[in-house]
Structures are given as structure tokens and as C-alpha cells.
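# Overview (structure and organization)
What follows is the residue order along each chain.
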Amino acid sequence: MNDNSKVVVALLAGLAAGAALGILFAPDKGEETRDKLSQSLKDLGDSIKDKAADEINNLAGLKEKVVSSIKTKLRSVEEEYSDDVEHA
């Protein structure tokens with residue numbers, strides 16, 4: 001996990017903890033508090049899913065770049081080998 005991902009995860013965890021504490025200490029009825037807490041946790045879950053989807057897309061893009069680079073290098077080596085065989 002890179003530094004940016006760690007910062008985002010820490011930020012989301014802090015946000016969730018702050019929201020949960022704020023809701024728990026708010027002067028609402030128990031049912032309202034549970035509903036707010038449930039919604040807050042749902043929002044956090046959605047945020048985490050979105051971040052995970054973004055990271056998966058980034059990894060897919062990286063995979064494509066790596067595969068393309070490897071194919072290019074293999075073609076180059078194959079051409080050099082063919083040239084060496086022809087000149088031998």
C-alpha cells in the first residue's frame with residue numbers, strides 16, 4: 001500500500017470514529033442515534049468500496065502497461081535473435 005492510500009485509509013477511519021462518537025454523544029433518542037450511526041457506517045462502507053474500485057482500476061491499468069512493455073521487449077529480443085541467426 002503506498003503512502004497516499006495509507007493517508008486516505010487513516011482519514012476515513014478517523015472520520016468514521018469521529019462521526020460515531022459525535023452521534024453517540026448527541027442528545028437524540030436511541031432509535032434516531034442508531035439510524036444515524038447505521039447511515040454513517042453505510043456511507044463509510046460506500047466510500048471504502050469506491051476507493052477499492054479506484055485502486056482496482058489503477059492496478060488494471062498498471063497490468064496493461066506491464067504486459068505491453070513485456071511484449072515490446074520480447075519482440076525486440078526476437079528480432080535481435082532473428083538478425084543474429086540470419087547473420088550466423
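Residues numbered from 1 in each chain as written. Predicted model: local features only at pLDDT ≥ 70, side-chain atom pairs only at ≥ 80, totals over all residues. Heavy atoms only, no water.

With that out of the way, let us pick up the overall build of the protein. Broken down by element type, the protein carries 2 helices and 0 strands. Relative to the 2.2 N^0.38 estimate, which gives 12 Å for 88 residues, the radius of gyration of the protein is 25 Å and therefore markedly larger than a compact globule would have. Split into buried and exposed, the 88 residues of the protein put 9% on the buried side. For the protein, the accessible area works out to roughly 7400 Å², and carbon and sulfur atoms hold 61% of it. (Helix = DSSP H or I, 4+ residues; strand = E, 2+ residues; numbered from the N terminus. Rg over C-alpha atoms; globule rule 2.2 N^0.38 Å. Buried < 20%, exposed > 50% of the residue type's maximum accessible area, 1.4 Å probe, protein only. Areas by Shrake-Rupley, 256 points an atom, 1.4 Å probe, with all protein chains shown as cover.)

With that settled, consider a nonpolar patch on the surface. Taken together, the side chains of Leu59, Leu62, Val66, Ile70 and Leu74 present a nonpolar region at the surface, about 480 Å² in accessible area. Its location among the elements puts Val66 in helix α2 (residues 30–87). (Patch = residues over 30% accessible without salt bridge, like charges linked within 9 Å, V, L, I, M, F, W, Y side chains within 5 Å. Salt bridge = Lys/Arg side-chain N within 4 Å of Asp/Glu carboxyl O.)

Moving on: the pattern of salt bridges. The tally for this structure, following the rule as stated, stands at 3 salt bridges. For the salt bridge of Lys51 with Glu55, the shortest nitrogen-to-oxygen distance reads 3.1 Å. Residue Lys51 and its partner Glu55 are both found in helix α2; the two are separated by 4 residues, about one turn of the helix. Judged by relative accessible area, Glu55 falls into the partly exposed class, the value being 27%.

So, on to helix α1 (residues 3–24). With 22 residues, α1 extends 31 Å between its outermost C-alpha atoms, agreeing within 8% with the 32 Å of an ideal straight helix rising 1.5 Å per residue. By the burial criterion, the buried members of α1 are Ser5, Leu12, Ala16, Ala20 and Ile23. Buried residues along α1 cover an arc of 70° about the axis, so they all sit on one side. In α1, those exposed residues whose orientation departs by more than 90 degrees from the buried face are Asp3, Asn4, Val7, Ala10 and Leu11. Here the buried face of α1 lies against α2. (Expected span 1.5 Å × (residues − 1). Arc of directions from axis to C-beta. Contact = heavy atoms within 4.5 Å.)

With that out of the way, let us pick up a negative patch on the surface. On the surface, a cluster of negative charge is contributed by Glu78, Glu79, Glu80, Asp83, Asp84 and Glu86. Secondary-structure assignment places Glu79 in helix α2. (Lys, Arg positive; Asp, Glu negative; His and termini not counted. Charge placed at Lys NZ, Arg CZ, Asp CG, Glu CD.)

Looking now at α2. Note that an α-helix has 3.6 residues per turn; residues three or four places apart therefore point the same way. In a regular helix each residue adds 1.5 Å, so 58 residues correspond to 86 Å; α2 covers 85 Å between its end C-alpha atoms and thus fits that length. Listed as buried for α2 are Thr33, Ser40 and Leu44. Those residues of α2 that are buried are in contact with α1.

Close contact between α1 and α2 brings their axes to 9 Å; oriented N to C, the two are set at 175°. If you check the angle between α1 and α2, you find them roughly antiparallel. Taken together, the residues of α2 that come into contact with α1 (itself represented by Ser5, Val8, Leu12, Ala16, Ala19, Ala20, Ile23 and Leu24) are Thr33, Lys36, Leu37, Ser40, Leu44, Ser47, Ile48, Lys51 and Glu55. (Axes fitted to C-alpha atoms, helices over the stretch in contact; angles between N-to-C directions. Parallel < 35°, antiparallel > 145°, perpendicular 65-115°, else oblique.)

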